[in-house]
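These are the residues of each chain, in order.
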Amino acid sequence: MAVFDQTESGEATRFELARAIDEVYEERWSIVNGVHGHTAMVSRLDGMMKAIIASFTLLCAIAVYKVDMKKFGQMLAFLMIPFGDTLKSAFSAVIFIITTHPYDVGDRVIIEGTHYFAQNVGLMATQFRRMDGTIMYAPNYVLAGQSVANIRRTPRQATRYELHFDAKTTSAQIGQLRSRIQEYLGRPGQRDFATIHT
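All values derive from a computational prediction rather than experimental measurement.

Asks: Lay out the pairing of strand β1 (residues 108-111) in plain terms, naming residues and giving numbers.
Replies: Both faces of the sheet carry side chains from a regular strand, because those side chains alternate between them. Residue alternation in β1 divides its side chains into a buried set, Val109 and Ile111, and an unburied set, Arg108 and Ile110. The pairing of β1 with strand β2 (residues 114-121) spans 4 bridges and is classified as antiparallel. The residue bridging Ile111 from the neighbouring strand is Thr114, located in β2. Two successive antiparallel strands, β1 and β2, enclose a turn made up of 2 residues, where Glu112 displays a positive phi of approximately 50°. In the sheet, β1 pairs with strand β5 (residues 148-150) via 3 bridges, with the strands oriented antiparallel. Opposite Val109, over in β5, you have Asn150 as the bridge partner.

Pasting the structure below:
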């Protein structure tokens, strides 16, 4: 019953039942896409690990065949100039996605004050959809240095309302407004607010 009674009023309405079913299907869609995304990430990570093992094997073979290490070191340093930043970015992205794991496919996140839905989580970049439908691609190494708030993983949330009053408003009028708001929030059948915060 708790799954369907989202307002915790003791009864489940038709609207709440339909909403719960929609959420189940959305969750199913997110899980299917998340598994697909994780499978693609693991296959890319597998390719990266194979490249690292092949490089290590090459280094061992060079040592066995007694190749001049000075020339090889110079060649390796020459190759590190263009590829050094790429390797650093790739390592940062892999660590961010695999260890931090701040979001999954379908999660609603806030990055730098803008709301997004994660549509595709890759090893090197993530595809987001803004609320207006715009698709954005963000490199994961850039996201590693930013604050990411995951709304979907956050439990119940509250909205803050600030009320501004005229200087002529009396404390009795403010008290009357407060009691009317509390009366509205405590009304039976009221489904918009689960608890009263004053």
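Past the structure itself, the notes keep going.
Asks: How would you summarise the confidence of the model for the protein if you had to cite specific residues and measurements?
Replies: In this model, the protein carries a mean pLDDT of 79, and residues with pLDDT of at least 70 account for 82%. The weakest mean pLDDT in the protein belongs to helix α1 (residues 14-64) at 78; the strongest belongs to strand β4 (residues 135-139) at 93.

Asks: Kindly report on unusual backbone geometry, identifying the contributing residues and their values.
Replies: Backbone geometry at His101 places phi at a positive 45°, although glycine is not the residue there. Mapped onto the elements, His101 comes out in the loop between α2 (69-100) and β1. Classification of His101 by relative accessible area gives partly exposed; the value is 24%. Residues other than glycine seldom take positive phi values, yet Glu112 does so here, at roughly 50°. Tracing the chain through its elements places Glu112 in the loop between β1 and β2. Note on Glu112: relative accessible area 64%, which makes it exposed.

The rules behind these values
- Residues numbered from 1 in each chain as written.
- Predicted model: local features only at pLDDT ≥ 70, side-chain atom pairs only at ≥ 80, totals over all residues.
- Heavy atoms only, no water.
- Buried < 20%, exposed > 50% of the residue type's maximum accessible area, 1.4 Å probe, protein only.
- Helix = DSSP H or I, 4+ residues; strand = E, 2+ residues; numbered from the N terminus.
- Pairing = 2+ DSSP bridges.
- pLDDT = per-residue confidence, 0-100.

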